[in-house]
Amino acid sequence: MHDDRSLVESRLKRVLAERIRPAVYPESVPLEVGIWTAPDEPVPVAEGIAAPRTPIAAGQRWGAPWGTSWLTVSGTVPKEWAGRTVEALIDLGFDANMPGFQCEGLVYRPDGTPVKGLNPRNQWVRIAAPAVGGEEVLLHVEAASNPVVLDYHPFLPTKLGEKETAGNEPQYRLERIDLAVLDETVWQLVIDLEVLGELMAELPVDGARRWDVLRAVERALDAIDLQDVNATAAAAREQLAGVLATPAEPSAHRISAVGHAHIDSAWLWPLRETVRKVARTTANMTALLEDEPDFVYTMSQAQQYAWIKEHRPEVYARVKKAVADGRFVPAGGMWVESDTNMPGSEAMARQFVHGKRFFLDEFGIENEEAWLPDTFGFAGGLPQIIKAAGSKWLLTQKISWSQVNKFPHHTFWWEGIDGTRIFTHFPPVDTYNCSMDGREIAHAARNFKDKGVASHSIAPTGWGDGGGGTTREMVAKAARLRDLEGSARVRWERPAEFFAKAQAEYPNPPVWVGELYLELHRATLTSQARTKQGNRAAENLLREAELWAATAAVRAGLPYPYQELDRIWKTVLLHQFHDILPGSSIAWVHREAERTYAAVAAELTGIVERAQRALAGDPAAGRELVFNSAPHERGGVPAGGGRMVGESSGGCTVTARPEGGYRLDNGLLRVEVDGQGLVVSVLDLAAGRETVAPGAAANLLQIHPDFPNMWDAWDVDQFYRNTVTDLTGVEELVVSADSPAAVSIRVSRAFGASRAVQTIGLTAGAKRVELGTEVDWHETEKFLKAAFPLDLHTERYAAETQFGHLYRPTHTNTSWEAARFESCNHRFLHLAEPGWGVALVTASTYGHDVTRTVREQDHGTTTTVRFSLLRAPRFPDPHTDQGAHSFRHALVPGAEIGDAVREGYLINLPERRVPGDAEVRPLVEVDHEAVTVSAVKLADDGSGDVVVRLYESMGGRAEAVIAAGFAFAGVQVCDLLERQLPECQAAVTEQGVRLRLRPFELVTLRFVRD
């Protein structure tokens, strides 16, 4: 037989496009349309429906960027259509390739009841089936003219990302607004042919199944009268029935499909638009659930449920009913799908606390899975947090985006820094926007790495990122793929059903230890510095507010601000979403975040000040109380306490160096700053050990060109290192020695269009070099770093993560190590040789790199740490990081890992001084330096119980006593939601609660007050 495959395949493509698909709606009549454009931000539904309309016709332009227009479409069902299926077709000017990334609409009935959403892949609204001839049609559409920010030529700088710069030019042209008859037989034929055509393309050419399908398709095309498709569609379907009924092989891969619309809580649109995206998508999905009995839909992010509950209660009522029916499944148990690298320990825990509690309170549902399909890598501390929240599974897809190394498993145990293991699945379909396309299904089966020991994977199915969700076409395709020869078997299943089956089938999968590093989007650790600093400041203030509010409640009877703290936590957690905190959203999002963080800081500062005022005693006593929020004693003030202290003993000196520059000395460190303002020596006087590598300079600002191949705000590509400029020019070198307790040197530099001022200081009694950097940044596509070349030989270094730290290699022996050229830290990095080490601590930066070289002159090893300070990508925000910035770091020679932990907390939680005369005893005290308290608060249930969260911070075993400075009736060991763990009992002694902790073990204690 001659090979005529391409002839038949080409025929199928053309006939589908030009004859069969157009016949889905064989008859139509235009609808009348009127429009009203809201003058500014979106208006309430009642106001939009009631507003006066101006006529508009197909072909006319509408919609300024970020505008909202209300359309009214009206007409009459022709009498001759009686008994047929009638739909309204509303095309707002859609590009079918951009679902979620351009204009969208939500359809309402005249009474304001939402019907369904409109998007490029979902333009229909069911009017009647069967229709009544002469029936009046009246619908209102809330149409959002969101501009296309990410276009076909991606990553071009645009002014469309900020309302004030986007202009008023209409973005869209109104297209088809018709009333039409739906020919369901032709629609089903389209699905038949699409499924078989896509399947055929994936089958081996030398296999019989491909040819069986080809001949059936050919017979179906022969059966169609191209001049009368509607009359012959049923006959064509008969020719396909046989090949569609042939069952799959027993060994076929099994896919659990779950309806899905990963909706970014902000990205190329602002938060307020996400509220409407969620409403549009959930309206669509609840409608689809009613039409399709086998379909199951899942949505994560409690924040998004809270939005529709507040802003679209009618849609929320439908969601609640579908949840109760088990068809609409809340997933993930987090407040948002957050970044997991940068959020601090408590913030990461509270993502689960607030997310799971919302689902429990609203739906009575306890999630057991973490659902993070699009997060940019996963910190090594996360498994313990997932488990401590009462969950046991994790789903993500993003690691498949890695540029260099392909992850070796799809189903595996992920082991965190403390030894906790979480059963984890990466969908082999390699997308969280599966559309049931034959290529995707075949890819999932071929790509699945666990063949021979497992046969199940999951496929989140539906348009996402900008929303939209699953379409009726996807559901119809899945029905045909349920049991089809040559394809994987597809079933709609809830995530928990998939995970239970997968774990039962594969109880002993391989283990991956440590962080799940994404070899992509590394620059998200640096982009939008103000957003990151706002987050860090908010996390620190929340710790302080809870600590001092709890102390004031217990000690002074001050009412605890439960509602205020709950609201503020949710605001901070929202802004940890994986396109806000990483700095990859449009300008609107980040400018709004700045304002939000400022308001959060002001409110939290007020809570702290009120609590401390209630604790401090007489403000007129002429004395000053020092409050210490850090979990370690500082200057005689206990952790979590307040005390009056005297001036620091000892002093600091500064002298001129003969060769230029200055020498600073506080009896613990001697720091040499040369004439260029560079730190050329930091001598640990007790150890007699030099910190800075010979011939090198520390605190050196370096600048690189930064133009990645794509994903500007997200990526930094390794070739950026090929070109570097050391910023050594000095405009001014000034000594400050106003107090014998502290001395500093101020260095001013100019470079490009920018300026920097660096401060190098010593404080009496402190074994650290305090480093300040102020930058007025006006560069474009540049990357600014601060370098610290250290005289250390080490093959690994420690970087803080949630509830502990992890080790990374300093070498690049393998492609995995070479790809990890930019990584995340929280408050500290620590590098050490046996017996001596160095800590570098930071108040707000996250990105860094560590490299090593061997010096020619003495063959010693130089290990260089560089903090990433600023970038200047032009997409999606063309003004990223422009303007004034301030950073604080410290260099701590002779530091052990415990010193790194302590100094990291101290730089982030400076002391507060309040007029008063009362000593404030800590609520809790811990007698082991490795056991670190991460939170002290009152229980969320309003009982007045005191909750203390702590962890082993040095990576070893620890036995500690936690003493409470208040009366209590008992102590419970709890999960993160403050629920008692029956398998864990607290050992209460006269001294307090005795704990034995494993390395990095996290424990939550609830002290039940009398």
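Predicted model, so just to flag it, every value in this text is computed and none were measured.

1. Side note on the overall build of the protein
Move 1: Summing up its helical and strand segments, the protein has 18 helices and 53 strands in all.
Move 2: Compactness check: the protein gives a C-alpha radius of gyration of 31 Å against a globular reference of 30 Å for 1010 residues, within 12% of the reference.
Move 3: The dimensions of the protein, computed from C-alpha atoms along their principal axes, are 100 × 65 × 55 Å.
Move 4: Split into buried and exposed, the 1010 residues of the protein put 62% on the buried side.
Move 5: Relative to all contacts within the protein whose residues are 6 or more apart in sequence, the contacts with residues 24 or more apart total 75%.

2. Looking at the packing of helix α1 (residues 5-20) against helix α4 (residues 208-223)
Move 1: Across the interface, α1 lies against α4 with an axial gap of 10 Å and an inter-helix angle of 45°. Looking at the two axes, α1 sits oblique to α4. Along this stretch, α1 crosses α4, giving a crossing that reads as left-handed. On α4, the residues that touch Arg5, Val8, Glu9, Arg11, Leu12 and Val15 of α1 are Arg210, Trp211, Leu214, Arg215, Val217, Glu218, Leu221 and Asp222.
Move 2: Looking at the contact of α1 with α4 residue by residue, the classes come out as seven nonpolar, no polar and seven charged.

3. Considerations on the UniProt feature "domain: Glycoside hydrolase family 38 central" (unreviewed entry) in the protein
Move 1: Taken from the UniProt record, the annotation "domain: Glycoside hydrolase family 38 central" (unreviewed entry) applies to residues 519-597.
Move 2: The span residues 519-597 is 66% helical and 0% strand by assignment, and the distance between its end C-alpha atoms comes to 30 Å.

4. Brief notes about unusual backbone geometry
Move 1: Geometrically, the link from Ala129 to Pro130 is a cis peptide bond, its omega value of 5° lying close to zero.
Move 2: With respect to the helices and strands, Pro130 occurs in the loop between β9 (124-128) and β10 (136-145).
Move 3: Following Phe875, the chain continues into Pro876 via a peptide bond in cis, with omega recorded as 5°.
Move 4: Within the element layout of this structure, Pro876 appears in the loop between β43 (861-871) and β44 (883-893).
Move 5: Even without being a glycine, Gln301 presents a positive backbone phi close to 65°.
Move 6: Take Gln301: it is sitting in the loop between β14 (297-299) and α7 (302-311).
Move 7: With a phi close to 55°, His521 is a non-glycine residue in the positive phi region.

5. Topic: the sheet that holds strand β39 (residues 823-824)
By way of backbone hydrogen bonds, the strands of a sheet pair with one another, either parallel or antiparallel.
Move 1: Strands sit in the order β31-β30-β36-β43-β42-β39 across an open sheet of six strands; the sheet is antiparallel. Each edge of the open sheet is held by one strand with a lone partner, namely β31 (725-726) and β39.
Move 2: Across two bridges, strand β30 (residues 700-705) lies against β31 in antiparallel orientation. By the bridge assignment, Gln702 is partnered in β31 with Asp726.

6. Focus: the nonpolar core
Move 1: Counting residues in hydrophobic clusters, the biggest one holds 247 residues, and the most contacted among them are Ile20, Phe328, Leu950, Leu1005 and Phe1007.
Move 2: In terms of residue count, the dominant contributor to this core is helix α14 (residues 529-556) (eleven residues).
Move 3: Setting aside anything within four residues of it in sequence, one finds Phe328 in contact with Thr282, Met285, Thr286, Leu289, Tyr297, Met299, Tyr305, Val319, Ala322 and Val323.
Move 4: By size, the runner-up hydrophobic cluster in this structure holds 45 residues, among which are Ala698, Leu727, Val769 and Val775.

7. Thoughts on the packing of aromatic side chains
Move 1: As enumerated under the stated definition, the model contains 41 aromatic pairs in all.
Move 2: Ring geometry for Phe966 and Phe968: centres 6.3 Å apart, planes at 65°, overall edge-to-face.
Move 3: Given the relative accessible area of 23%, Phe968 is considered partly exposed.
Move 4: Ring centres of Phe966 and Phe1007 lie 5.8 Å apart, and the angle between their planes is 75°; on these two criteria the pair is classed as edge-to-face. On the criterion of sequence distance, the pair formed by Phe966 in the loop between β49 (958-964) and β50 (968-974) and Phe1007 in strand β53 (residues 1002-1009) is long-range, its members being 41 residues apart. Taken individually, Phe966 and Phe1007 each receive the classification buried, so the pair is uniform in this respect.
Move 5: Looking at Arg796, its charged tip hangs above the ring of Tyr807, at a distance of 3.6 Å from the centre.
Move 6: For Arg827, the ring lying beneath its charged end belongs to Tyr905, and the centroid distance is 3.8 Å.

8. Section: the side chain of Asp881
Move 1: Positionally, Asp881 belongs in the loop between β43 and β44.
Move 2: Buried Asp881, no salt bridge; nearest opposite-charge side chain is Arg530, N-O distance 5.1 Å.
Move 3: Those residues in contact with Asp881 that lie beyond four places of it in its chain are Thr526, Ser527, Gln528, Ala529, Arg530, Trp777, Leu870 and Arg871.

9. Side note on the pairing of β43
Move 1: With eleven of eleven residues buried, β43 lies mostly within the body of the structure.
Move 2: Pairing of strand β36 (residues 782-790) with β43 involves eight bridges; the strand directions are antiparallel. For Phe788, the partnering residue across the bridge sits in β43 and is Val865.
Move 3: In this sheet, β43 lies alongside strand β42 (residues 847-854) in antiparallel orientation, the contact comprising seven bridges. Across the sheet, the residue bridging to His848 is Phe867, located in β43.

10. Focus: the sheet that holds strand β7 (residues 104-108)
Move 1: Read across the sheet, six strands follow the order β3-β2-β5-β10-β7-β8 without closing on themselves; strand pairing throughout is antiparallel. Single-partner strands in this sheet number two, and they are β3 (54-55) and β8 (114-118).
Move 2: Bridge count for β7 against β10 is five bridges, and the pairing is antiparallel. Its bridge partner lying in β10, Val107 is registered against Val141.

11. Let's talk about the pairing of strand β35 (residues 769-777)
Move 1: Strand direction decides the pairing type here: strand β34 (residues 754-763) and β35, joined by seven bridges, are antiparallel. Looking at β35, one finds that Arg755 is bridged to Asp776.
Move 2: Looking at chain direction, β35 and β44 are connected through nine bridges and run antiparallel. In the strand pairing of β44, Glu774 is matched with Ser886.

12. Thoughts on the pattern of salt bridges
Move 1: Scanning all chains against the criterion turns up 80 salt bridges.
Move 2: The partner of Asp899 in a salt bridge is Arg902, with the nearest N and O atoms 3.0 Å apart. Of this pair, Asp899 and Arg902 are both found in helix α18 (residues 897-908), three residues apart, which corresponds to roughly one turn of the helix.
Move 3: One salt bridge connects Arg913 with Glu911, and the closest N-O pair in it is separated by 3.0 Å.
Move 4: Assessed through its relative accessible area of 35%, Glu911 is described here as partly exposed.
Move 5: Overlapping salt bridges bring together Asp40, Glu41, Glu104, Glu142, Lys163, Arg272, Glu273, Arg276, Lys277, Arg280 and Arg312 as one network.

13. Thoughts on helix α5 (residues 229-245)
Move 1: The terminal C-alpha atoms of α5, which comprises 17 residues, lie 23 Å apart, in line with the 24 Å expected from a rise of 1.5 Å per residue.
Move 2: Along its length, α5 shows its largest kink, about 35°, at Gln239.
Move 3: Those residues of α5 that fall on the buried side of the exposure criterion are Val229, Thr232, Ala233, Ala236, Leu240, Val243 and Leu244.
Move 4: Of the surrounding elements, those touching the buried residues of α5 are α1, α3 (184-202) and α4.

14. Let's talk about the environment of Val15
Move 1: On the secondary structure map, Val15 appears in helix α1.
Move 2: When the C-alpha atoms of Val15 and Thr298 are compared, they prove to be 36 Å apart, with 283 residues separating the residues in sequence.
Move 3: In this view, Val15 contacts Ile20, Leu221 and Leu226; residues no more than four positions away in its chain are not counted.

15. Notes on the side chain of Arg522
Move 1: Mapped onto the fold, Arg522 is located in the loop between β22 (511-513) and α14.
Move 2: Glu519 is the oppositely charged side chain nearest to the buried, salt-bridge-free Arg522, at an N-O distance of 5.3 Å.
Move 3: Among the polar contacts listed, one links the side chain of Arg522 to the backbone oxygen of Glu519, at a separation of 3.5 Å.

16. Quick notes on the packing of helix α6 (residues 271-291) against α7
Move 1: Where α6 meets α7, the closest approach of the two axes is 9 Å, and the angle between their N-to-C directions is 85°. Looking at the two axes, α6 sits roughly perpendicular to α7. On α7, the residues that touch Leu271, Thr274, Val275, Val278, Ala279 and Thr282 of α6 are Gln304, Trp307, Ile308 and His311.
Move 2: For the contact of α6 with α7, a count of residues per class yields six nonpolar, four polar and no charged.

17. Brief notes about α1
Move 1: Those residues of α1 that sit buried are Arg5, Val8, Leu12, Val15, Leu16 and Ile20.
Move 2: In this fold, the buried residues of α1 make contact with α3, α4 and α5.

18. Observations concerning the environment of Leu909
Move 1: The topology assignment puts Leu909 in the loop between α18 and β45 (912-915).
Move 2: As for Leu909 and Arg491, which are separated by 418 residues in sequence, their C-alpha atoms are 52 Å apart.
Move 3: The contacts of Leu909, once residues within four sequence positions are left out, are Asn540, Arg543, Glu544, Ser629, Ala630, Pro631 and Arg634.

Rules behind the numbers
- Residues numbered from 1 in each chain as written.
- Predicted model: local features only at pLDDT ≥ 70, side-chain atom pairs only at ≥ 80, totals over all residues.
- Heavy atoms only, no water.
- Helix = DSSP H or I, 4+ residues; strand = E, 2+ residues; numbered from the N terminus.
- Rg over C-alpha atoms; globule rule 2.2 N^0.38 Å.
- Buried < 20%, exposed > 50% of the residue type's maximum accessible area, 1.4 Å probe, protein only.
- Contact = heavy atoms within 4.5 Å.
- Axes fitted to C-alpha atoms, helices over the stretch in contact; angles between N-to-C directions.
- Parallel < 35°, antiparallel > 145°, perpendicular 65-115°, else oblique.
- Left-handed = near helix turned anticlockwise from the far one by under 90°.
- Nonpolar A, V, L, I, M, F, W, Y, C, P; charged D, E, K, R; others polar.
- UniProt positions renumbered as here; feature names shortened; annotations may be inferred.
- Pairing = 2+ DSSP bridges.
- Core = buried A, V, L, I, M, F, W, Y, C linked by side-chain atoms within 4.5 Å.
- Phe/Tyr/Trp six-rings, centres within 6.5 Å; stacked < 30°, edge-to-face > 60°.
- Lys NZ or Arg CZ within 6 Å of the ring centre and 35° of its normal.
- Lys, Arg positive; Asp, Glu negative; His and termini not counted.
- Salt bridge = Lys/Arg side-chain N within 4 Å of Asp/Glu carboxyl O.
- Expected span 1.5 Å × (residues − 1).
- Bend = angle between axes of the 7 residues up to and from the residue.
- Polar contact = N/O pair within 3.5 Å; in protein donor to acceptor, adjacent residues only side chain to side chain.

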